[in-house]
Amino acid sequence: MKSYKLAIVGATGVVGRTVLKVLEEKKLPISEYVLFASKRSCGTKLHFMGKDYEVRELTETSFDEGFDFAIFSAGGDTAKKFAPIAASKGCIVVDNSSAFRMEKDVPLIVPEVNSEEIKNHRGIIANPNCSTIQAVVALKPLDTKYHIKRIVYSTYQAVSGAGSKGIFDLENGIHDFENKQDYALQKFPYPIFNNCLPHIDVFLENGYTKEEEKMINETRKILKRPDLKITATTIRVPVFNSHSESINVEFEKDFDLKELVLTLKNAPNVIVQDDVKNNIYPLATNATGHDEVFVGRIRRDESIKSGINLWVVADNIRKGAASNAIQIVEKLIDFDNN
Ligand code: A2P
């Protein structure tokens, strides 16, 4: 098998560090890694694959030396500026930001759902929003079998999804509560500790947030259901890691509940945890550190003819970002070798 060269852009961030961790676990046929971040981190040493890597500043000439792949986890502005440069030099970029997700010629990939579309890329592949990834892993097998008519998303999202500054706000909030001190918020408009903020990303003209719009549009693109009826309310909660989602789904077709649960049990990378008599259901603390999507509280929506409620939990930094991006790179390597 060929060996590849991979750039990790945003290596010092929350997602970037998890990319390094997952790469250590996976052992892909990659012979050379180069770690990039902003000028601030230039020279920082990160221990990775048994040695110290010096982080380089990302510049317009960073990709001149030639890379096969790059995983970008450095936000939309950095992606918009540098991903096209990387792609123009023959490097295939998997980007974690929202910069390219809705562009027509950019595949938006969740490998369990639409890996065949990876082949349509023109140098940039987008990793979907974390809340969307875990939702569609659970919803795709149900859409195939029962044809979804409408989705109502309500999310309970961890602070790690807001990067290092989001984590600082919760840590500082806990510290402030214990020590009765004041602290300056770094990320959120209000204290996240002891609160639920109905505000993720910016507000749009129609009163929705951009996060809610992302869930709606990205679900439609990934499921290839451009007219699917979807609404969403996304909430930031004082949880360090792993997003939880209440998903209400209405189907065109009727279903047998046992068969539906079996469909979920047989779906790739879905783990059903649903034994309420024994208080078994998915929890953020249990999902953290895993790449699977956990589904429970599966019950009929008795207010409509054919509908269910699901509770869907996954590690937003692993499956919602780092691991999904690495799965895409694995698929690219598979395609290249077959
Ligand atoms: P740095 O640590 O040098 O600021 P998080 O959202 O978890 O804080 O992570 C953001 C990541 O994106 C960090 O690795 C950060 O690097 C990186 N980053 C931000 N701006 C740039 C930029 N202009 N060029 C390269 N990397 C960037």
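Each remark here, short or long, concerns the structure printed above.
Residues numbered from 1 in each chain as written. Predicted model: local features only at pLDDT ≥ 70, side-chain atom pairs only at ≥ 80, totals over all residues. Heavy atoms only, no water.

Novice: I would appreciate a short explanation of the overall build of the chain in the present structure.
Specialist: Secondary structure summary: the chain contains 9 helices and 14 strands in total. In terms of overall dimensions, the chain is globule-like: its C-alpha atoms have a radius of gyration of 20 Å, near the 20 Å expected for 338 residues. Principal axes of the C-alpha set define a box for the chain whose edges measure 60 × 60 × 40 Å. Contacts in the chain between residues far apart in sequence, at least 24 positions, make up 67% of those at least 6 positions apart. (Helix = DSSP H or I, 4+ residues; strand = E, 2+ residues; numbered from the N terminus. Rg over C-alpha atoms; globule rule 2.2 N^0.38 Å. Contact = heavy atoms within 4.5 Å.)

Novice: What should I look at first to understand the packing of helix α1 (residues 14–26) against helix α9 (residues 318–337) in this one?
Specialist: For any two helices packed against each other, the geometry is given by the interaxial angle and the distance between the axes. Between α1 and α9, whose axes approach to 9 Å, the crossing angle comes to 50°. Considering their axes alone, α1 and α9 lie oblique with respect to each other. For the element pair α1 and α9, the recorded crossing hand is right-handed. Residues V15, T18, V19, V22, L23, E25 and K26 of α1 form the contact with α9, whose own contacting residues are R318, A321, A322, S323, I326, Q327 and E330. Of the residues that constitute the contact of α1 with α9, the class distribution is 7 nonpolar, 3 polar and 4 charged. (Axes fitted to C-alpha atoms, helices over the stretch in contact; angles between N-to-C directions. Parallel < 35°, antiparallel > 145°, perpendicular 65-115°, else oblique. Left-handed = near helix turned anticlockwise from the far one by under 90°. Nonpolar A, V, L, I, M, F, W, Y, C, P; charged D, E, K, R; others polar.)

Novice: Looking at this structure, I do not really get the layout of surface pockets. What am I missing?
Specialist: A water-sized probe rolled over the atoms picks out the places where empty space is left. As a volume, the second largest pocket reaches approximately 230 Å³. Along its surface, the second largest pocket is lined by 13 residues, and E103, K104, V106, E117 and K221 are the ones closest to its centre. When grouped by side-chain class, the residues that make up the lining of the second largest pocket number 5 nonpolar, 2 polar and 6 charged. Each of two domains, domain 1 (4–127 + 321–336) and domain 2 (132–316), supplies a minimum of three residues to the lining of the second largest pocket. (1 Å grid on protein atoms, 1.4 Å probe; cavity = no way out; pocket = protein on both sides within 12 Å on 5 of 7 lines; lining within 4 Å. Points joined across faces, edges and corners; volume = space filled by probe spheres on them. Domains from an automatic or database assignment.)

Spatial relationships are all this shows, so hold off on functional conclusions.
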